[in-house]
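A closer look at the structure
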There are 2 protein chains.
Amino acid sequence: MHAPKDYQCPFCAIVAGDSERKRDVIFENDDIIAFVALRQKANNLGHGLVVPKKHYENLYEIPDDLLAKVYIGVKKLAIATKKAYRSDGITTRQHNEPGGGQDVWHFHVHVYPRYRGDRFYEDYDNIVATGMPERTESAKKLRAALSVD
Amino acid sequence: MHAPKDYQCPFCAIVAGDSERKRDVIFENDDIIAFVALRQKANNLGHGLVVPKKHYENLYEIPDDLLAKVYIGVKKLAIATKKAYRSDGITTRQHNEPGGGQDVWHFHVHVYPRYRGDRFYEDYDNIVATGMPERTESAKKLRAALSVD
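Note that this is a predicted model, so its numbers are computed, not measured. (Residues numbered from 1 in each chain as written. Chains lettered and ligands numbered in written order. Predicted model: local features only at pLDDT ≥ 70, side-chain atom pairs only at ≥ 80, totals over all residues. Heavy atoms only, no water.)

Re the sheet that holds strand S4 (residues 48-52) of chain A
- Pairing within the open sheet is antiparallel, and its 10 strands lie in the order S1(A)-S2(A)-S4(A)-S6(A)-S5(A)-S5(B)-S6(B)-S4(B)-S2(B)-S1(B). Strand pairing shows two members of the sheet lacking a second neighbour, strand S1 (25-28) of chain A together with strand S1 (25-28) of chain B, which therefore form its edges. Averaged over all neighbouring strand pairs, the angle between strand axes comes to 20 degrees, with direction disregarded.
- Looking at chain direction, strand S5 (residues 89-96) of chain B and strand S6 (residues 109-114) of chain B are connected through five bridges and run antiparallel. (Pairing = 2+ DSSP bridges. Helix = DSSP H or I, 4+ residues; strand = E, 2+ residues; numbered from the N terminus. Axes fitted to C-alpha atoms, helices over the stretch in contact; angles between N-to-C directions.)

In structure tokens, the structure reads:
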């Protein structure tokens, strides 16, 4: 486990609804929640996260049944993201431990819209800061894509 | 769908056991199979894949129950990989469509051992070709890690 003892988990705050980031939420059910990511890649705007509501640090410790529910949510978000952002594809990924690229200590899966020639891996640190208005707009766009066939 | 009409699926060949790659197999059950990847990243040897036995092209079309089983297998492989390769972390990822980085048309999830300073993203095309002996050895090492606590 890598979370410090007094860790204030930012994802638990979103789950609890006591963060301004509640406006970033795309969908939720009893077990999981999906929201727009804070750090966006410049060529892949619309990047979202799916997390379990109950706090588990990583893939090694999340129970199988909850892991299953997270990935069913990832599939749902992937389909909506492709539709909302008219992407050429979708990449999902998940990091465990600092040596594995993790920096928020609550299990989470990334969903990225992908485009031909987007240099997704080559420009891996091409990150833009997003403000609340952009994220609220993204969440709205993704929620709209969930409700159409 | 992006697979050509007469696609000879290399993963279905492994599932059928009629490929020399049966020696790459790490574990399997009625629904899924895990095996050592053909293309290995130089700093992340031990990269494995988990796939459903039944052929589905991507995340959009794989049924939820089978998707759940694949990711329960991913967790199992992640834990074994960390143990077998004494890694600092684990990254998993999954690509959909050519624009999303997919190049084998059978849904599959990558599991990579990760290390501090491995330049996993910066050197994204630092790939080494592996021969049968190296892969057989990796599979053996990963199978051994499955059977210990």
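Let's talk about the packing of helix H2 (residues 64-85) of chain A against helix H3 (residues 132-146) of chain A
Residues and elements named next belong to chain A.
- In contact at an axis separation of 8 Å, H2 and H3 are set at 105 degrees when each is read in the N-to-C sense. The orientation of H2 relative to H3 falls into the category roughly perpendicular. Along the contact surface, H2 presents Lys76, Leu77, Ala80, Thr81, Lys83, Ala84 and Tyr85, while H3 presents Ser138, Lys141, Leu142, Ala145 and Leu146. (Parallel < 35°, antiparallel > 145°, perpendicular 65-115°, else oblique. Contact = heavy atoms within 4.5 Å.)

Observations regarding the relation of the copies chain B and chain A
- Rotating chain B by 180 degrees about the axis while translating it 0.0 Å along that axis superimposes it on chain A, leaving an RMSD of 0.0 Å. What we have between these two chains is a two-fold relation. (Least-squares fit on C-alpha atoms with pLDDT ≥ 70 in both.)

Re H2 of chain A
- Under the 1.5 Å per step criterion, the end-to-end length of H2 of chain A is 31 Å for 22 residues, consistent within 8% with the ideal 32 Å.
- Positive phi appears at Arg86 of chain A, one or two residues downstream of H2 of chain A, with a value of about 40 degrees. (Expected span 1.5 Å × (residues − 1).)

As for the packing of aromatic side chains
- Counted according to the given criterion, the structure contains 10 aromatic pairs over all chains.
- Seen from their ring centres, Tyr71 of chain A and Tyr71 of chain B are 3.3 Å apart, and the 10 degrees between their planes marks the pair as stacked. Note that Tyr71 of chain A is positioned in helix H2 and Tyr71 of chain B in helix H2 (residues 64-84), a pairing that runs across two chains.
- Positioned above the aromatic ring of Tyr85 of chain A, the side-chain terminus of Lys141 of chain A is 4.3 Å from the ring centre. (Phe/Tyr/Trp six-rings, centres within 6.5 Å; stacked < 30°, edge-to-face > 60°. Lys NZ or Arg CZ within 6 Å of the ring centre and 35° of its normal.)

Re the interface of chain B and chain A
- With 34 residues of chain B in contact, the opposing surface of chain A contributes 34 residues.
- For the chain B and chain A pair, buried surface summed over both sides reaches about 3100 Å², with 58% attributable to carbon and sulfur atoms.
- Sorting the residues of chain B by area buried against chain A places Tyr60, Lys75 and Tyr121 of chain B first, and these three jointly supply 21% of that buried surface.
- Lys75 of chain A serves as the salt-bridge partner of Asp64 of chain B, at 3.0 Å between the closest nitrogen and oxygen.
- Tallying contributions element by element places H2 of chain B first for the side of chain B that touches chain A, with 10 residues.
- Residue classes in the side of chain B that touches chain A are distributed as 16 nonpolar, nine polar and nine charged. (Buried area = accessible area lost by both parts, 1.4 Å probe. Salt bridge = Lys/Arg side-chain N within 4 Å of Asp/Glu carboxyl O. Nonpolar A, V, L, I, M, F, W, Y, C, P; charged D, E, K, R; others polar.)

Topic: empty space enclosed by the protein
Residues and elements named next belong to chain B.
- For the coordinates displayed, the defined rule picks out one cavity of 30 Å³ or more.
- As a volume, the largest cavity reaches approximately 30 Å³.
- In terms of lining residues, the largest cavity is bounded by Lys41, Ala42, Asn43, Asn44, Asp118, Arg119, Phe120, Asp123 and Asn126.
- In terms of residue class, the lining of the largest cavity is made up of two nonpolar, three polar and four charged. (1 Å grid on protein atoms, 1.4 Å probe; cavity = no way out; pocket = protein on both sides within 12 Å on 5 of 7 lines; lining within 4 Å. Points joined across faces, edges and corners; volume = space filled by probe spheres on them.)

Here's the deal with the environment of Ile90 of chain A
- Tracing the backbone shows Ile90 of chain A in strand S5 (residues 89-96).
- Sequence separation between Ile90 of chain A and Pro113 of chain A is 23 residues; the distance between their C-alpha atoms is 4.8 Å.
- When neighbours within four sequence positions are excluded, Ile90 of chain A is seen to be in contact with Ala78, Thr81, Lys82, Val111, Tyr112, Pro113 and Arg114 of chain A together with Tyr60, Gln94, His95, Asn96 and Gly100 of chain B.

A short note on the side chain of His110 of chain A
Residue and element names in this part refer to chain A.
- Position of His110 among the secondary structure elements: in strand S6 (residues 109-114).
- Relative accessible area serves as the criterion here: at 11%, His110 is assigned to the buried category.
- If near-sequence neighbours (up to four positions away) are discounted, His110 is found in contact with His47, Gly48, Leu49, Thr91, Thr92, Arg93 and His95. (Buried < 20%, exposed > 50% of the residue type's maximum accessible area, 1.4 Å probe, protein only.)

Honestly, it's all geometry; don't read function into it.
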